[in-house]
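Below are the chains, spelled out letter by letter.
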There are 4 protein chains.
Amino acid sequence: MEKSKKRPSKLETPDREKEKISANREKILTTALTLFTSRGFFGTPTSLISKEAGVSTGTLFFYFKTKEELIDTLYRRIKEEAAKEMCRGIDKQKTTEAKIRRLGTNMVEWGIRNHAKLKFMEQFAHSPFVSTSAHEEGMSHFFFLGDLVKDGIREGAIRNIDPSLLFHMMAPALSGLVVQASEIENPAEREKIVQDGLDFIWNAMKA
Amino acid sequence: MEKSKKRPSKLETPDREKEKISANREKILTTALTLFTSRGFFGTPTSLISKEAGVSTGTLFFYFKTKEELIDTLYRRIKEEAAKEMCRGIDKQKTTEAKIRRLGTNMVEWGIRNHAKLKFMEQFAHSPFVSTSAHEEGMSHFFFLGDLVKDGIREGAIRNIDPSLLFHMMAPALSGLVVQASEIENPAEREKIVQDGLDFIWNAMKA
Amino acid sequence: MEKSKKRPSKLETPDREKEKISANREKILTTALTLFTSRGFFGTPTSLISKEAGVSTGTLFFYFKTKEELIDTLYRRIKEEAAKEMCRGIDKQKTTEAKIRRLGTNMVEWGIRNHAKLKFMEQFAHSPFVSTSAHEEGMSHFFFLGDLVKDGIREGAIRNIDPSLLFHMMAPALSGLVVQASEIENPAEREKIVQDGLDFIWNAMKA
Amino acid sequence: MEKSKKRPSKLETPDREKEKISANREKILTTALTLFTSRGFFGTPTSLISKEAGVSTGTLFFYFKTKEELIDTLYRRIKEEAAKEMCRGIDKQKTTEAKIRRLGTNMVEWGIRNHAKLKFMEQFAHSPFVSTSAHEEGMSHFFFLGDLVKDGIREGAIRNIDPSLLFHMMAPALSGLVVQASEIENPAEREKIVQDGLDFIWNAMKA
DNA sequence: TATGAATGAGGCTTCATTCAT
DNA sequence: GATGAATGAAGCCTCATTCAT
């Protein structure tokens, strides 16, 4: 209704204002991540988040207008980070198979280093607590996957089936692999699992 | 005044009376199923369930001691039904591949006829709202799958990888297929999708 | 969104269901009346109302969906009662002057017997806390006043000025009289004030 | 660093410094006036006032220790202004009637030019949000009215009734007139209404 | 003077659950 | 079996006010 007259930002603050940085804001996000994954969205009162984060209720609602906005922010961030991590080094791979395998490895490695984030994504991937717009934004980061698949089909490396179907079967399978792999401590064993899993996926889709 | 006229216990339903039958009870379960899938567990107050079911709050809590017990009952029922449906006619199939394919077709057909139940399973498969015991009981109905896989590996029909990993990649992939297929109206198109999906899965696991 | 399927009311309950009678409901209304007049709308937390009424928070919100609905109900009731009281015996008066005087006397007497209600009306007559619809309903009970004035003008008993203007000057003047009169204990003195006040009003409007 | 350069105290504003002058302070007062009249006291958070005034929360509380002090200041100012306006040119009128009529005209004209202030006075005239002391100070500006009435009675121009009663009936009637008149755009029509209204009032009180 | 992040008490409302009828 | 009024803990969020910069 009323537009905030956005005072001209001082020179010191460059214009990437979208994501203000603030120690408290970050503490809240980190704490919320942990709590949401371990207790669920409704199982985590905002009062608990602020207490655990060491700030007051007021502070939480100063940074996030609603509880939903908090989870949305978290969701967007993590999806973006995951997507970025996923495609790391993919363009250096020559074959489609190599790309797919690299992508899987990336995901597994990220999942192991970021257990909480992985669980968060698993839990809220289809959750109604996350706004549609956040879901869409989150999804958008993975569009490159669709392209990769289409290219693979065109080149004859991937079986010619509906890319959407392929995506909706491959993604949860990969997800399952990451979860299984990330639960294994021993690096050698884990490597074995990951390779088996990637075989599974690649066999499923290869032409 | 006369208490418990010792109801004639039919042979099929011995008196472990876990599942009392009553019109109101059923109405509550049916209503809850729809509401839970469309609004989520916390988004569905018990008062709404009872109102929509046309009974009083008291009645709901007469049949189910807590809200959790209601969702547990629902979960157990549906998992059991899904498992029963899944293995229908499997023993008549000769090869492992045929069995796997039959199983997939069963699931898809059931998913189409029982959209609400499918969504319910998707939503609450990993949900903390469902008690651990219900989750375990639900899972137990699918043990036969593990056996099927192990047999397949022993026979050399299925690739020799950790059955648990295989299960945790195959199950969500199948799930994805059912969801995708059940969203397609045209039977011919759907059949195509299903076959492609089953190819995907079988290629993934075959030796 | 969803219409309550209004079960067929049992024979014992005649169909004037609009205003359910319930000891608790009445206690809440009475308590709220007192508190609102002495502390204002925002100065009176719902928790205080329920505490003073001797019921739980839940009970208050069982009978009134929101705090606003509570004040609305109160407002409608009191306006209706006041209007009913105001026109008591007016049709028995022959002249317009007699009618106006009778009406004034009625108001004063009612105001003295119902001090809290009088203050409530004074305070919330133009208040934004009361919904527009309640304001309109409340006003509607006083339409007969407009008719009375118009009749008076037609008959030549009242000066020919815009009835709306007349109403908006007479009403608050009468209101002022009631308040002033109701603060006087001694009946004789009070009677004097009332007569002076009515003279004031009648002289103002008479042709 | 140099503190209080001992501002040159103009003769008109001796240093009782009750009313500091500052652009920001004035902006806050103006904004608050508008917001309070359109949204009420409790409906207007201090944060909204400061935002709309284009200053920070801190600044608002620098000039006004509390929210109540803000409304008090506003109330005192407006009452004083209204009273000053009301008696403009009254001493030049010879008869009591002329004085009363002049006073009414003054009020109406001021009310039209200062709609927000008029509404503010209407709304907070009996409000508990305004401190008693502010109410008393505000009232004191209108004492001259009491004197005018008493004089009128002594001279036989005004009917001999309790001046307090008269005041409490006349004031709201006049108030009603101002509101009604100020809602009319057309100057000629308005003039008509004002004259009718003043007739109403004068007839009410004349001997 | 001016800023705006930080505070925390307190307000309104929801909802699972009980129990007398 | 069935009803629905009653309960009260707990949740989300607002907002006046402070204070370090």
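Just so you know, these numbers come straight off a predicted model, no measurement behind them.

1. Considering the interface of chain D and chain C
Move 1: With 24 residues of chain D at the contact, the number on the chain C side is 24 residues.
Move 2: Overall, the association of chain D and chain C removes approximately 2,300 Å² of surface from exposure, summing both partners, and the carbon and sulfur fraction of that is 73%.
Move 3: Across the contact surface, chain D and chain C share 2 residue pairs in polar contact (both at pLDDT 80 or more).
Move 4: Among the secondary structure elements, those contributing two or more residues to the side of chain D that touches chain C are α9 (163-182) and α10 (187-205) of chain D.

2. A closer look at the pattern of salt bridges
Move 1: In total, this model carries 48 salt bridges over all chains according to the counting rule given.
Move 2: We note a salt bridge from Glu69 of chain A to Lys65 of chain A, for which the minimum N-O separation is 3.9 Å.
Move 3: Between Glu80 of chain C and Lys84 of chain C there is a salt bridge; the shortest N-O distance is 3.9 Å. One end of the pair, Glu80 of chain C, and the other, Lys84 of chain C, are both in helix α4 (residues 67-86), 4 residues apart, so they sit about a helical turn from each other.
Move 4: The network of salt bridges with common partners includes Asp72, Arg76 and Glu137 of chain A.

3. Some details on the relation of the copies chain B and chain A
Between the two copies of the chain lies a rotation about an axis combined with a shift along it.
Move 1: Mapping chain B onto chain A is achieved by rotating through 180° and translating by 0.0 Å along the same axis, at an RMSD of 0.1 Å. Here the transformation between the copies is reduced to the relation of a two-fold axis. The position closest to the rotation axis in chain B is occupied by the C-alpha of Ala204 of chain B, lying 2.0 Å away.
Move 2: Here 100% of the interface residues in chain B have copies in chain A that are interface residues too; the copies meet face to matching face.

4. What to know about the domain arrangement of chain A
Residues and elements named next belong to chain A.
Move 1: Domains assigned within chain A are domain 1 (20-65) and domain 2 (78-205).
Move 2: Computed over C-alpha atoms only, the centres of domain 1 and domain 2 are separated by 29 Å.
Move 3: Tallying the contact residues gives 6 residues for domain 1 and 8 residues for domain 2.
Move 4: When the two sides are added together, the surface that domain 1 and domain 2 hide from each other amounts to roughly 630 Å², 81% of it contributed by carbon and sulfur.
Move 5: By the criterion of area lost to domain 2, the three top residues of domain 1 are Leu33, Thr37 and Phe41, representing 72% of everything that side buries.
Move 6: Between the two partners, domain 1 and domain 2, sit 0 salt bridges.
Move 7: In this structure, the connection of domain 1 to domain 2 is made through 1 residue pair in polar contact (both at pLDDT 80 or more).
Move 8: Of the residues in the side of domain 1 that touches domain 2, the class split is 4 nonpolar, 2 polar and no charged.

5. Here we look at the interface of chain B and chain A
Move 1: In this complex, chain B contributes 24 residues to the contact, which on the side of chain A involves 24 residues.
Move 2: Around 2,300 Å² of area is buried between chain B and chain A when both sides are counted, 73% of it from carbon and sulfur atoms.
Move 3: For the interface between chain B and chain A, the tally reads 0 salt bridges.
Move 4: Breaking the side of chain B that touches chain A down by element, the ones donating at least two residues are α9 (163-182) and α10 (187-205) of chain B.
Move 5: No other element matches the 11 residues that α9 of chain B contributes to the side of chain B that touches chain A.
Move 6: Of the residues that constitute the side of chain B that touches chain A, the class distribution is 14 nonpolar, 6 polar and 4 charged.

6. A closer look at the relation of the copies chain D and chain C
Move 1: Superposing chain D onto chain C takes a rotation of 180° combined with a translation of 0.0 Å along the rotation axis, leaving an RMSD of 0.1 Å.
Move 2: Comparing interface residues between copies, 100% of those in chain D also sit at the interface in chain C, which points to an isologous, same-surface contact.

7. Focus on helix α10 (residues 187-205) of chain A
Move 1: Taking 1.5 Å per residue, 19 residues should reach 27 Å; α10 of chain A reaches 27 Å between its end C-alpha atoms and fits that length.
Move 2: Buried residues of α10 of chain A: Arg190, Ile193, Val194, Asp196, Gly197, Leu198, Phe200, Ile201, Trp202, Asn203, Ala204 and Met205 of chain A, and no others.
Move 3: Those residues of α10 of chain A that are buried lie in contact with α5 (96-113) and α9 (163-182) of chain A together with α9 and α10 of chain B.
Move 4: Capping the start of α10 of chain A is the job of one residue whose side-chain oxygen sits 2.8 Å from the backbone nitrogen of Ala188 of chain A: Asn186 of chain A.

8. A look at the packing of aromatic side chains
Move 1: As enumerated under the stated definition, the model contains 38 aromatic pairs over all chains in all.
Move 2: Ring plane angle 75° and centroid distance 5.3 Å describe the contact between Phe41 of chain A and Phe42 of chain A, whose orientation is recorded as edge-to-face.
Move 3: For Phe41 of chain A, a relative accessible area of 7% gives the class buried.
Move 4: Considering the side-chain rings of Phe120 of chain C and Phe124 of chain C, the 4.8 Å spacing of their centres and the 40° angle between planes classify their relative orientation as tilted. Of this pair, Phe120 of chain C and Phe124 of chain C both sit in helix α6 (residues 115-124), separated by 4 residues, roughly a single helical turn. For the pair shown, Phe120 of chain C and Phe124 of chain C are each scored as buried.
Move 5: Sitting over the face of the ring of Phe41 of chain C, Lys67 of chain C holds its NZ or CZ atom 4.5 Å from the ring centroid.

9. Remarks on the protein's contact with DNA strand F
Move 1: Residues in contact with DNA strand F amount to 29 residues; listed here are only the nearest, Asn24, Thr59, Phe62 and Tyr63 of chain C together with Thr46 of chain D.
Move 2: Counting only atoms of DNA strand F within 4 Å of the protein, the fraction found in sugar and phosphate groups is 65%.
Move 3: Ser56 of chain B is positioned such that a nitrogen or oxygen atom in its backbone is 3.3 Å from a phosphate oxygen of DNA strand F.
Move 4: Between DNA strand F and Tyr63 of chain C there is a distance of 2.3 Å, counted from a phosphate oxygen to a side-chain nitrogen or oxygen.
Move 5: Secondary structure elements with two or more residues in the surface near DNA strand F: α3 (57-63) of chain A, α3 (57-63) of chain B, α3 (57-63) of chain C together with α2 (46-53) of chain D.

10. Things to note about the environment of Gln180 of chain B
Move 1: Relative to the elements of secondary structure, Gln180 of chain B occurs in helix α9.
Move 2: By relative accessible area, which is 14% here, Gln180 of chain B ends up buried.
Move 3: Along the chain, Gln180 of chain B and Ile49 of chain B lie 131 residues apart, while their C-alpha atoms are 29 Å from each other.
Move 4: Among residues more than four places away in sequence, those in contact with Gln180 of chain B are Ser164, Leu165 and His168 of chain A.
Move 5: There is a polar contact of 3.2 Å between the side chain of Gln180 of chain B and the side chain of Ser164 of chain A.

Rules of the game
- Residues numbered from 1 in each chain as written.
- Chains lettered and ligands numbered in written order.
- Predicted model: local features only at pLDDT ≥ 70, side-chain atom pairs only at ≥ 80, totals over all residues.
- Heavy atoms only, no water.
- Contact = heavy atoms within 4.5 Å.
- Buried area = accessible area lost by both parts, 1.4 Å probe.
- Polar contact = N/O pair within 3.5 Å; in protein donor to acceptor, adjacent residues only side chain to side chain.
- Helix = DSSP H or I, 4+ residues; strand = E, 2+ residues; numbered from the N terminus.
- Salt bridge = Lys/Arg side-chain N within 4 Å of Asp/Glu carboxyl O.
- Least-squares fit on C-alpha atoms with pLDDT ≥ 70 in both.
- Domains from an automatic or database assignment.
- Nonpolar A, V, L, I, M, F, W, Y, C, P; charged D, E, K, R; others polar.
- Expected span 1.5 Å × (residues − 1).
- Buried < 20%, exposed > 50% of the residue type's maximum accessible area, 1.4 Å probe, protein only.
- Phe/Tyr/Trp six-rings, centres within 6.5 Å; stacked < 30°, edge-to-face > 60°.
- Lys NZ or Arg CZ within 6 Å of the ring centre and 35° of its normal.
- Near = heavy atom within 4 Å.

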